[in-house]
Amino acid sequence: MLDSPADPFAPHTLLTPGPTPLHPRAQQALTRSMRGHMDPEVFAVNAAIQQDLRELYGAGEGTFTALLAGTGSLGMEAGFANLVEPGDEVLVCVNGAFGARMAEMAARYGARVRRVTAPLGQPIDPAQVAANLGGVTLVAMVHGETSTGVLNPLPAVAEVVRGSGALLSVDAVTTAGMEPFSMEAWGIDYVYTGSQKCLSAPPGVAPVAISERALERQATRRTPTPLWYCDFEGLRDYWDRQSYHHTVPVNLHFAFHAALRAALEEGLPQRQARVREMDRAIAAALAPLGFSHYVQDPAARLPTVLALRLPEGFDDAGVRAALREREISVTGGLGATAGLIWRLGLMGEAARPGPYRTLMLALEELLG
Ligand code: PLP
């Protein structure tokens, strides 16, 4: 445990796989004075967010977009709560902790869960998804598996799901805003991310996009959506019809929109190039210290979360604690990969040379 810091406003180098350093425009927007959640200014910001989210996700005009008042996990849960009814056959792709979380949630909403798995560090095989689609009403997959640094082959999986009659729900928590993503071209029905990931906004809102097909599925449920707070129809009351549903976190909407605007103004292709360039540079810089890629297949490496195998005999906990003393946060493995890998965050504002220069200098000093 650290004692409370001498200066809570001291700069900190945050290189975790989320949250990420705040974009300066998001930080500034947090200082705006409060407005009511039914204020016309807030509704104007909400409408701008909805339009910008369509661009972020490559979604068509008929796609409903909104922010949920919670983190990425609420985005995940809202999808299952609205799109699953007891007894539905749901296929979940599981190759890490977040795929496993999806399977757990689907089961809690009464799904009969069918799993397509891959070993840790390896991507899902679209052929296995194709072979297991019979009778399935919903397919769920994580695009970027944060726990292992694997990028799943979403366009290929979406292609096999398209035309099967099943809806496709995608976790884009570590990808939306820094990886190519096209809801419309790929035929995705439900997608969510977390504000604190690739967009460098504060944690607390989950941007979602819901296709017309998914809205229709929810509207024709046999039973009401069991999660009242995120019922798609209730969300539309507030976001589309400007009538009260619950009190949204207005200040997080301001900050989120500032960060999203900044991302779109930078340009999505430019951001995709920036993260790939940084990813290559850092892996190359750490190689002489004995770090190597955990994910063997270069095509399956998630650029936003660089998973590196630690050098032989490396004191994982000791080095990370020494870095934390120097105001640098780095994350290790999760579950089976604890003590085996580091997961370096390259989302949003973390994917800049400055913070990684700070890390390299500290590591040179510590490992000498
Ligand atoms: N899905 C993925 C791929 C994640 O990386 C995370 C968090 O790291 C989540 C879901 C859950 O998001 P949150 O922690 O914001 O609830």
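The rules behind these values
As a convention, each chain's residues are numbered from 1 in the sequence order in which they are written. Only residues with pLDDT of at least 70 get local features here, since the model is predicted, and only at 80 or more are side-chain atom pairs given and counted; chain-wide, interface and lining totals rely on the full set of residues. UniProt positions are given in the numbering used here, feature names are shortened, and annotations may be inferred rather than shown by experiment. Secondary structure elements are taken from DSSP: a helix is a run of H or I of four residues or more, a strand is a run of E of two residues or more, and numbering for both begins at the N terminus. Our radius of gyration looks at C-alpha atoms and nothing else; its globule reference is 2.2 Å times the residue count to the power 0.38. Partly exposed residues are those falling between the two cut-offs: more than 12 but fewer than 20 other C-beta atoms within 10 Å of their own, whereas 20 or more means buried and 12 or fewer means exposed, with C-beta atoms placed from the backbone. C-beta atoms are first placed from the backbone for all residues, and any pair lying within 7 Å is then listed as a contact. The rule is simple: place the C-beta atom from the backbone, and if it lies within 6 Å of a molecule or strand, the residue is near it. To estimate how far a helix should reach, multiply one less than its number of residues by 1.5 Å. For two strands to count as paired, DSSP must find a minimum of two bridges between them. Helix axes are fitted to C-alpha atoms over the stretch in contact, other axes to C-alpha atoms as well, and angles between N-to-C directions run from 0 to 180 degrees. Confidence scores per residue from the predictor, reported as pLDDT, run from 0 to 100. Picture the helix axis, draw a direction to every C-beta atom, and the arc is the one those directions span. We call two directions roughly parallel when the angle between them is under 35 degrees, roughly antiparallel when it is over 145, roughly perpendicular when it lies between 65 and 115, and oblique otherwise. Whether a crossing is left-handed or right-handed is set by the direction in which the near helix is turned from the far one by less than a right angle, anticlockwise for left-handed and clockwise for right-handed.

UniProt, in the comment section headed Sequence similarities (unreviewed entry), describes the protein chain in these words: "Belongs to the class-V pyridoxal-phosphate-dependent aminotransferase family." As stated in UniProt under Cofactor (unreviewed entry), the record for the protein chain gives "pyridoxal 5'-phosphate".

1. Topic: the overall build of the protein chain
Broken down by element type, the protein chain carries 13 helices and 15 strands. In terms of overall size, the protein chain behaves like a compact globule, its C-alpha atoms giving a radius of gyration of 21 Å where 368 residues would be expected to give roughly 21 Å. Projected onto its principal axes, the C-alpha coordinates of the protein chain cover approximately 65 × 55 × 35 Å. Per-residue burial for the protein chain yields a buried fraction of 46% across its 368 residues. In the protein chain, 72% of the contacts between residues at least 6 apart in sequence involve partners at least 24 apart.

2. What about the environment of Phe 181?
You can see Phe 181 is positioned in the loop between strand E8 (167–171) and helix H7 (183–186). On the basis of neighbour count, Phe 181 is assigned to the buried category, with 25 C-beta atoms found within 10 Å. In this structure the C-alpha to C-alpha distance between Phe 181 and Arg 114, which are 67 residues apart in sequence, comes to 25 Å. In this view, Phe 181 contacts Tyr 57, Gly 58, Ala 172, Thr 175 and Ala 176; residues no more than four positions away in its chain are not counted.

3. Structural notes on unusual backbone geometry
Cis rather than trans, the peptide bond between Gly 18 and Pro 19 has omega equal to 0°. Summarising the element assignment, Pro 19 is placed in the loop between strand E1 (13–14) and helix H1 (24–29). Unlike most non-glycine residues, Ser 200 shows phi in positive territory, near 55°. Its identity is not glycine, yet Glu 327 carries a phi of approximately 65°, on the positive side. As for its position among the elements, Glu 327 is in the loop between helix H12 (316–325) and strand E13 (328–329).

4. Section: the UniProt feature "domain: Aminotransferase class V" (unreviewed entry) in the protein chain
As recorded in UniProt, the feature "domain: Aminotransferase class V" (unreviewed entry) lies at residues 34–336. Between the end C-alpha atoms of residues 34–336 the distance is 44 Å, and the span holds 40% helix and 17% strand.

5. Side note on the environment of Val 170
Structurally, Val 170 is set in strand E8. A count of 29 C-beta atoms within 10 Å places Val 170 in the buried class. With 28 residues separating them along the chain, Val 170 and Val 142 place their C-alpha atoms 5.7 Å apart. Leave out the neighbours within four places in its chain, and Val 170 touches Met 141, His 143, Leu 154, Ile 188 and Val 191.

6. Describing the site of the ligand
What surrounds the ligand is the set Gly 18, Thr 71, Gly 72, Ser 73, Met 76, Phe 98, Val 142, Thr 146, Asp 171, Val 173, Thr 174 and Gly 194. For the shell around the ligand, the leading source of residues is helix H3 (residues 72–83), giving three residues.

7. Side note on helix H2 (residues 40–57)
With 18 residues, H2 extends 26 Å between its outermost C-alpha atoms, agreeing within 8% with the 26 Å of an ideal straight helix rising 1.5 Å per residue. Those residues of H2 hidden inside the fold are in contact with strand E2 (64–68), H7, strand E9 (190–192), strand E10 (206–210), helix H9 (232–239) and helix H10 (250–266). One or two residues past the end of H2 sits Gly 58, with phi positive at roughly 60°.

8. Here we look at the UniProt feature "binding site: substrate" (unreviewed entry) in the protein chain
The UniProt feature table records "binding site: substrate" (unreviewed entry) at Arg 343. Structurally, Arg 343 is set in strand E15 (residues 341–345). Filtering out sequence-adjacent residues up to four positions away, Arg 343 remains in contact with Pro 17, Gly 149, Val 305, Ala 307, Thr 331 and Gly 333.

9. Thoughts on the sheet that holds strand E5 (residues 138–142)
Ordered by their spatial adjacency, seven strands build an open sheet running E2-E10-E9-E8-E5-E3-E4, and the pairing between neighbours is mixed. Each edge of the open sheet carries a strand with a single partner, namely E2 and strand E4 (112–117). Averaged over all adjacent pairs, the angle separating strand axes in this sheet is 15°, with direction ignored. Sheet topology note: the E5/E8 ladder contains five bridges and is parallel. From the neighbouring strand, Leu 138 faces E8, where its bridge partner is Leu 167.

10. Description of the confidence of the model for the protein chain
Taken residue by residue, the protein chain gives an average pLDDT of 97. The fraction at 70 or more is 98%. This complex was scored by the predictor with a pTM of 0.97 and an ipTM of 0.99.

11. Some details on helix H6 (residues 154–161)
Restricting attention to buried positions, one finds in H6 the residues Leu 154, Val 157, Ala 158 and Val 161. Across the axial projection of H6, the buried residues extend over an arc of 100°, all falling on one side. Those residues of H6 hidden inside the fold are in contact with helix H5 (126–131), E5, E8 and H7. Directly after H6, the chain includes Gly 163, whose backbone phi takes a positive value near 90°.

12. Some remarks on the packing of H2 against H10
Running from N to C, H2 and H10 cross one another at 40°; their axes reach a closest spacing of 10 Å. With respect to H10, the element H2 is oriented oblique. By crossing handedness, the relation of H2 to H10 is classed as left-handed. Together, Val 42, Val 45, Asn 46, Ala 48, Ile 49, Asp 52, Glu 55 and Leu 56 of H2 and Val 250, His 253, Phe 254, Phe 256, His 257, Leu 260, Arg 261 and Leu 264 of H10 make up the contact between the two elements.

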